[in-house]
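What follows is each chain in one-letter form.
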Amino acid sequence: MQLTKAMEQTACILTLLATQEHNIPLSSELIHQRLGGSQSYLQKLCVSWLLRT
């Protein structure tokens, strides 16, 4: 099974969120620094995922 780039980045974002300390917020800018790519695209992925759940 081959994942799309969007699904791969979403999985990475979820992993970052799952492993983050609960008392330390994880900003979209920090996610962008760790994953690279477009920050606005990463934000759109997060919003899209949140709307589906």
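Further up the page is the structure itself.
Quick caveat, the model's predicted, so the values are computed rather than measured. Per chain, residue numbering runs from 1 following the sequence as it is written. The model is predicted, so local features are restricted to residues of pLDDT at least 70 and side-chain atom pairs to those at 80 or more, both for listing and for counting; the totals for chains, interfaces and linings are taken over all residues. In computing side-chain values, all of the structure's heavy atoms are included and hydrogens and water are not.

J.: Tell me about a nonpolar patch on the surface, and name the residues and values.
T.: Grouping into patches uses exposed residues only, defined as over 30% relative accessible area, and leaves out salt-bridged ones; the cut-off is 9 Å for like charges and 5 Å for nonpolar side chains (Val, Leu, Ile, Met, Phe, Trp, Tyr). With residues, only the protein chains shown are counted as cover, and all accessible areas are computed by Shrake-Rupley using a 1.4 Å probe. When a carboxyl oxygen of Asp or Glu is within 4 Å of a side-chain nitrogen of Lys or Arg, the pair counts as a salt bridge. On the surface, L14, L17, W49 and L50 cluster together into a nonpolar patch covering about 340 Å² of accessible area. Each helix corresponds to a stretch of at least 4 residues labelled H or I by DSSP, and each strand to a stretch of at least 2 residues labelled E; elements are numbered beginning at the N terminus. Mapped onto the elements, L14 comes out in helix α1 (residues 5–19).

J.: Describe the environment of S27, with residues and values.
T.: Note that S27 resides in the loop between α1 and α2 (28–35). In the structure, S27 is positioned 17 residues away from T10 in sequence and 15 Å away in space, judged by C-alpha atoms. Pairing of N or O atoms within 3.5 Å defines a polar contact, subject to two protein rules: one partner must be a possible hydrogen donor and the other a possible acceptor, and residues neighboring in sequence count only if both atoms are side-chain atoms. Reaching out from S27, the side chain makes a polar contact with the backbone nitrogen of L30 at a distance of 3.1 Å.

J.: So what's going on with the packing of α2 against helix α3 (residues 39–52)? Which residues, and what values?
T.: To obtain each axis, a line is fitted to C-alpha atoms, and for helices this fit is confined to the stretch in contact; angles are then taken between N-to-C directions over 0 to 180 degrees. Where α2 contacts α3, the axes come no closer than 9 Å and their chain directions differ by 115 degrees. Our classification of the angle between α2 and α3 gives roughly perpendicular. The hand of the α2/α3 crossing is right-handed. Only Q39, L42 and Q43 of α3 make contact with α2, whose side of the interface consists of S28, E29, I31, H32 and L35. Each residue belonging to the contact of α2 with α3 can be placed in one class, and the counts come to 3 nonpolar, 4 polar and 1 charged. The scheme is simple: roughly parallel for angles under 35 degrees, roughly antiparallel for over 145, roughly perpendicular for 65 to 115, oblique for anything else. Put simply, a crossing is left-handed when the front helix is turned counterclockwise from the back one by less than a right angle, and right-handed when it is turned clockwise. The contact rule is simple, with two residues in contact once any of their heavy atoms fall within 4.5 Å. Amino acids are sorted into nonpolar (Ala, Val, Leu, Ile, Met, Phe, Trp, Tyr, Cys and Pro), charged (Asp, Glu, Lys and Arg) and polar (every other residue, Gly among them).

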